[in-house]
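Each chain, written out:
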Amino acid sequence: MPGNLSMLKLRTLIMSLLLTILFASVGSSFLLDKLYSHLYSSEKTGQDLTQRQLELIGIQLSSILRKLENKDEFIKAWEQEKAPLSLEIVTRDDIGMPEELLYELESVGHITVASTTNISFYYFLNEQNKYFVLRAPLATKHKQSKWLPIIFTILFYTLLISIIFAWLFPLIRRLQNLSLSAKKLGEGVLSARITPSAISYIKDIELEFNRMAQRIEELVSDISLLSSAISHEMRAPLAKLQFGLDALREEDDAKKRGVYEDRLDKVIADMASLVETLLRYARLDKNIVDLPNDKVDLLELCTSSLASVVQDANEVSDLKSPRLEANVNAVEPFYVVRGDRFYLNLLLENLLANAVKYGRQRILISLAHQENTILFMIEDNGPGIDENFKQDIFKPFIRGGKIKQEPHCKQSPQTGHGLGMALVKRIADLHNVEIEISKSGALGGAKISMLFTRAIR
């Protein structure tokens, strides 16, 4: 889906550029054409009258002449006024027009003939084969400068380039900022980010770059932390193995050799557990693209996970220790989200394991619908989490050093590999789940709230 969205944004950007070029071209040509027409209008007839106006004048004059008895007197009076339009009555023999045009003139009633110096309008009078002729001299054409077409061409391309540049300039600046930030990131400045602009054409690309840079920074930080932590985590069990093997070689007592062998088995089991946990943590990155999008009922998942945790915790507790009390508050029967069932179950198991390890044997899980989301909360009655430790609790190999040891807890808070909450954060990120740590108002200990996107059943 993100890839399709990016392609759609890119197509929109390209279409916007093409439409800008198209409208700039059409708009510029239309504007300059209007300007040119205003300065240098097309050819006009006498006294700036248009051809259509002269035709209408001729039709009116021919209608008047048909009603006059003495047409020659009217023509002489017109000529005495020295009007720019000349009137004349000619016969069929004197008209000097091809038969085809004469036929058209008599059929239609009027015809227009233009020459290089004037324009003539012929009208059929319907009596004794006489024709009325109205002639008008052509107006002198405006003399055009030879530089005018060049000037208008330059204006057209200048206007076109200006419009396109006005569209491209913000894009060029944003691309330069993107290139500079990418260069800094490549040089090792992992904090390089882009501040998206409100009018940026590539805002989505900039946001994706910032997410990529953030992810790279987190991965590099994880790798650095993992490399140092693994060397530290492996050094102690390897030293124990070496010490145990040396003691085993020197010991002849079968009973003591059995004790050493059991200790070696436990060290090997701890190392195998560490390797498995590391592989599980690393495998999450590879499964980002292939993460299933199944419908998972959080209430069902919580019920099954909680039952297993309660049973395991009560089996190892002695008679003097309080038994684990765990409750689930849920009003509705279904709380369905989308995601990978295995990883969501792993997330719940790690949260429950921490609640058991650092609490006082009381756990409360709450589920609630909030419009299109589901609020999941897990609380315990332990000492809680120090405010200064909240920012580090989700880092790999960070254990609950800020949490006080409870008298009833037989296992130290320092046991484990410090990857439980790191796995919780990674799985939450993969499922776009918001996570928050606060103090429990009901039990007084730690409270972890997670906001899931609700799936439509």
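Residues numbered from 1 in each chain as written. Predicted model: local features only at pLDDT ≥ 70, side-chain atom pairs only at ≥ 80, totals over all residues. Heavy atoms only, no water.

## Some thoughts on the sheet that holds strand S6 (residues 325-330)
In plain terms, the rule: Only strands that DSSP links by at least two bridges are regarded as paired with each other. A run of DSSP states H or I qualifies as a helix once it reaches four residues; a run of E qualifies as a strand once it reaches two. Both are numbered from the N-terminal end. To get an axis, a line is fitted to the C-alpha atoms, and for a helix only the part in contact is used. The angle between two axes follows their N-to-C directions and goes from 0 to 180 degrees.
Taken together, the five strands give an open sheet; going across it, the order is S6-S8-S9-S11-S10, and neighbouring strands pair in mixed fashion. Edge positions in the sheet fall to S6 and strand S10 (434-439), since each has one partner strand and no second. On average, each strand axis in the sheet is tilted by 15 degrees relative to the strand beside it, whichever way the strands run. Alignment of strand S8 (residues 362-370) against strand S9 (residues 373-380), held across eight bridges, turns out to be antiparallel. Across the sheet, isoleucine 365 pairs through a bridge with isoleucine 378, a residue of S9.

## Describing empty space enclosed by the protein
Our working rule: Whether a set of points on the 1 Å grid over the protein atoms alone is a cavity depends on a 1.4 Å probe fitting there but being unable to get out, while an open set qualifies as a pocket with protein on both sides within 12 Å along at least five of seven lines; lining residues are those with an atom within 4 Å of a point. Grid points are joined across faces, edges and corners, and a volume is the space filled by probe spheres set on the points. Following the grouping adopted for this structure description, the nonpolar residues are Ala, Val, Leu, Ile, Met, Phe, Trp, Tyr, Cys and Pro, the charged ones are Asp, Glu, Lys and Arg, and the polar ones are all others, Gly among them.
Applying the stated criterion to the full structure yields one cavity of 30 Å³ or more. Of the pockets and cavities examined, the largest cavity occupies roughly 170 Å³. Around the largest cavity sit 16 residues that line it, and Asn354, Ala355, Asp380, Ala446 and Ile448 are the ones nearest its centre. Of all the secondary structure elements, the ones that give two or more residues to the lining of the largest cavity are helix H9 (341-358), S9 and strand S11 (446-453). Considering every element that reaches the lining of the largest cavity, the biggest residue donor is H9, with four residues. Here the lining of the largest cavity is built from residues that sort into 11 nonpolar, three polar and two charged.

## Remarks on the pattern of salt bridges
Quick reminder of the rule: Salt bridge, as used here, is a side-chain nitrogen of Lys or Arg placed within 4 Å of a carboxyl oxygen of Asp or Glu. Relative accessible area decides the class of each residue, using a 1.4 Å probe on protein chains only: under 20% of the type maximum gives buried, over 50% gives exposed, and in between gives partly exposed.
Taken as a whole, this structure holds six salt bridges when the rule is applied. Arginine 174 is the salt-bridge partner of glutamate 206, the closest N and O atoms lying 2.7 Å from each other. Of the two residues, glutamate 206 sits in helix H6 (residues 203-250) while arginine 174 sits in helix H5 (residues 148-186), which places them 32 residues apart along the sequence. There is no split in this pair, since glutamate 206 and arginine 174 are both buried.

## So, the packing of aromatic side chains
The condition that has to hold: Between rings of Phe, Tyr and Trp, where Trp is taken as its six-membered ring, a pair exists when centres lie within 6.5 Å; planes separated by under 30 degrees are stacked, by over 60 edge-to-face, and by other angles tilted.
Here the structure, examined in full by the defined rule, presents one aromatic pair. Relative to tyrosine 343, the ring of phenylalanine 342 lies with its centre 5.2 Å away and its plane at 65 degrees, an arrangement referred to as edge-to-face. The class for tyrosine 343 is buried, based on a relative accessible area of 6%.

## A look at the side chain of serine 366
Heads up, the rule is: Here, two residues are considered to be in contact whenever any of their heavy atoms come within 4.5 Å of each other.
Structurally, serine 366 can be placed in strand S8. Setting aside residues no more than four positions away along its own chain, serine 366 makes contact with Asn329, Leu375, Phe376, Met377 and Glu379.

## A few points about the nonpolar core
Keep this limit in mind: Side-chain atoms within 4.5 Å are what join buried Ala, Val, Leu, Ile, Met, Phe, Trp, Tyr and Cys residues into a set we call a nonpolar core.
Membership of the largest hydrophobic core comes to 42 residues, with the highest contact counts inside it found for Leu351, Phe376, Ile378, Met450 and Phe452. Secondary structure elements with two or more residues in this core: helix H8 (298-316), H9, S8, S9, helix H10 (420-430) and S11. Residue contacts for methionine 450: discarding those within four places in its chain leaves Leu347, Leu351, Ile374, Leu375, Phe376, Val424, Ala428, Val433, Glu434 and Ile435. Residues Phe121, Tyr123, Leu125 and Phe132 belong to the second largest nonpolar core, which totals 13 residues.

## Focus: a nonpolar patch on the surface
The following threshold applies: Residues forming no salt bridge and having over 30% relative accessible area are the ones grouped into patches, like charges within 9 Å of each other and nonpolar side chains (Val, Leu, Ile, Met, Phe, Trp, Tyr) within 5 Å. Residue burial considers only the protein chains on display, and all accessible areas are found by Shrake-Rupley using a 1.4 Å probe.
The grouping of Ile14, Met15, Leu18, Leu19, Leu22, Phe23 and Val26 at the surface amounts to a nonpolar patch, some 690 Å² of accessible area in total. When you line up the elements, leucine 19 lands in helix H1 (residues 2-39).

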